[in-house]
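Observations on chain architecture
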Amino acid sequence: MTIREICWEKTALGDAAVTRLEEVAASMQYTADLTGADIFIDCMDRAGQTAIVVAHAKPRGMASAYHRAVVGQAALREKEPAVYHAFGTGMAVRDLKAVTQENRTVRQDAVPIRDDGGSVIGVLIREKDISQTISREKKFRALAQERESQTASMLGLVPAGDSHSVTMKEIHHRVKNNLQMVASILNIQARRTTDPQMKRAFRENTGRVLSIAAIHDILTGTDHGDQVELRPLLEKIRRNLQSMMPQGQEILITIRGDRLSASSEKASSIALVVNELLTNALEHGYQNRQKGQVTVTLFRGRETSTIAVEDDGAGFSPGEKGADSFGLEIISLIVRDKLGGELQLQSGPGGTKAMFDFR
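Let us look at the structure shown here.

Rules behind the numbers
Residues numbered from 1 in each chain as written. Predicted model: local features only at pLDDT ≥ 70, side-chain atom pairs only at ≥ 80, totals over all residues. Heavy atoms only, no water. Helix = DSSP H or I, 4+ residues; strand = E, 2+ residues; numbered from the N terminus. Buried < 20%, exposed > 50% of the residue type's maximum accessible area, 1.4 Å probe, protein only. Contact = heavy atoms within 4.5 Å. Areas by Shrake-Rupley, 256 points an atom, 1.4 Å probe, with all protein chains shown as cover. Pairing = 2+ DSSP bridges. Phe/Tyr/Trp six-rings, centres within 6.5 Å; stacked < 30°, edge-to-face > 60°. Salt bridge = Lys/Arg side-chain N within 4 Å of Asp/Glu carboxyl O. Core = buried A, V, L, I, M, F, W, Y, C linked by side-chain atoms within 4.5 Å. Axes fitted to C-alpha atoms, helices over the stretch in contact; angles between N-to-C directions. Left-handed = near helix turned anticlockwise from the far one by under 90°. Nonpolar A, V, L, I, M, F, W, Y, C, P; charged D, E, K, R; others polar.

It is worth spelling out the overall build of the protein at this point. The helix and strand tally for the protein stands at 10 helices and 13 strands. Each of the 359 residues in the protein was classed as buried or not, and the buried ones make up 43%. The long-range fraction of contacts in the protein, counting pairs at least 24 apart against all pairs at least 6 apart in sequence, stands at 62%. Of the roughly 19,100 Å² of accessible surface on the protein, a fraction of 52% belongs to carbon and sulfur atoms.

We now examine the pairing of strand E13 (residues 351–358). Along any regular strand the residues' side chains alternate between the sheet's two faces. Burial analysis of E13 places seven of its eight residues in the buried class, which makes it a mostly covered element. As paired strands, strand E11 (residues 305–311) and E13 are joined by seven bridges and run antiparallel to one another. Bridge pairing in E13 places Glu310 opposite Lys353. Bridging between strand E12 (residues 343–348) and E13 involves six bridges; their strand directions are antiparallel. The residue bridging Leu343 from the neighbouring strand is Phe356, located in E13. What sits between E12 and E13 in their antiparallel hairpin is a turn of two residues.

Turning our attention to the packing of aromatic side chains. What the rule picks out here adds up to two aromatic pairs. For the ring pair Phe40 and Tyr66, a centre distance of 5.1 Å and an interplane angle of 65° mean the geometry is edge-to-face. Taken together, the residues span a long stretch of sequence, with Phe40 in strand E1 (residues 38–44) and Tyr66 in the loop between strand E2 (51–57) and strand E3 (74–75) at a distance of 26 residues. Each member of the pair, Phe40 as well as Tyr66, carries the same accessibility label: buried.

Going through the model one piece at a time under the given rule, you end up with 12 salt bridges. Between Asp357 and Arg94 there is a salt bridge whose closest N-O contact spans 2.2 Å. With a gap of 263 residues between them, Asp357 in strand E13 and Arg94 in strand E4 (residues 93–99) connect regions that are remote in the sequence. Residue classification places Arg94 among the partly exposed positions, given a relative accessible area of 31%. The residue Arg259 makes a salt bridge to Glu229 at a minimum N-O spacing of 3.1 Å.

With 38 residues, the main nonpolar core has Leu230, Ile270, Leu278, Val294 and Phe356 as its most contacted residues. Elements with a contribution of two residues or more to this core: helix H7 (196–220), helix H8 (230–243), strand E8 (250–257), helix H9 (264–284), strand E10 (291–299), E11, helix H10 (325–338) and E13. Filtering out sequence-adjacent residues up to four positions away, Val294 remains in contact with Ile251, Leu252, Ile253, Thr254, Leu278, Ala281, Leu282, Tyr286, Val309, Glu310 and Asp311. Val53, Tyr66, Ala82 and Tyr84 belong to the second largest nonpolar core, which has 24 residues in total.

Before going further, it helps to examine the packing of H8 against H9. Relative orientation of the contacting elements H8 and H9 amounts to 35°, with a least axis distance of 10 Å. When the axes of H8 and H9 are compared, the crossing they make is right-handed. Every residue of H9 that contacts H8 at Leu230, Leu233, Leu234, Ile237 and Leu241 is listed here: Ala267, Ile270, Ala271, Val274, Asn275, Leu278, Thr279 and Leu282. Taken together, the residues of the contact of H8 with H9 break down into 11 nonpolar, two polar and no charged.

The subject of this paragraph is unusual backbone geometry. Of note in this structure, Asp95 is not a glycine but carries a positive phi near 60°. Looking at the secondary structure, you find Asp95 in strand E4. Residue Asp95 is classed as buried on the basis of its relative accessible area of 6%. We note that Asn103 has phi near 60°; this positive angle belongs to a residue other than glycine. With respect to the helices and strands, Asn103 occurs in the loop between E4 and strand E5 (105–114).

Below, the structure written as structure tokens:
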């Protein structure tokens, strides 16, 4: 079946939108051959609930991840999160793991396809088969663990002494206490000043200090060395910001998504970025509103993972220089220099969507 036939049968897209998809599809084979990957176009069905494959190009001269035709089949939300997130946010999503209709593990990049009015009418997807790579890595990890266990048994070795672990936990505990003391001082100064701009600056810096303190708090109670679980960390940041919200304002912050961990250095950068994005959302999206919803979503990728922050506030123009431009400059620098990723922003009357990736 052609793109037009599938779209007429299974989607609510009009003639102009289908023509646009056909234009994009015309270069799919070149992209598949160039990248050595399977390239797809997916569109939402008439109900707007399920993505349908409307076009597929296999790489010529290289192995495809597919043995059978999948055009016309559904792409399930739980198996292909990148596709649905690209539809939902209107932003490009990179390097998320997915499972094909033939139950092979692939890595997906997805970018929205828009009509002349800017509406998302489909998603262009690049898939690379990683099932064999994952299998090999599992075997290598199992062999490495077996060798380490055998070597330790032969030499009579024991795990690293507890004294070092206790010392590091004590250091993290003291750093956390000192940072919380600094945050308390900033809070006192914020309450004493009558200048709204100074009050805001003190509160923003309080949030930044507490976001770093949260990392040391987690490291105080962990037995996993330098690795920090990101969801508990972001929950601490959420609670800190909720506690500083003006009385009577009901803005619900939700943390959801995949389980991710990072080194303490990267976790510090991630904490600062999320803190800034949430602070901007709360201060600029809900100035004249009493209720709202802000969602932080974590997406695990094979090489690159993604965090998205979405709100239903008033929105702003990302190109304008305003009161929040300093925070956005900080975020962009941290994401680029510390996390090796890229910050994406979209904003309008319906709210703001921010995404950044990290390795």
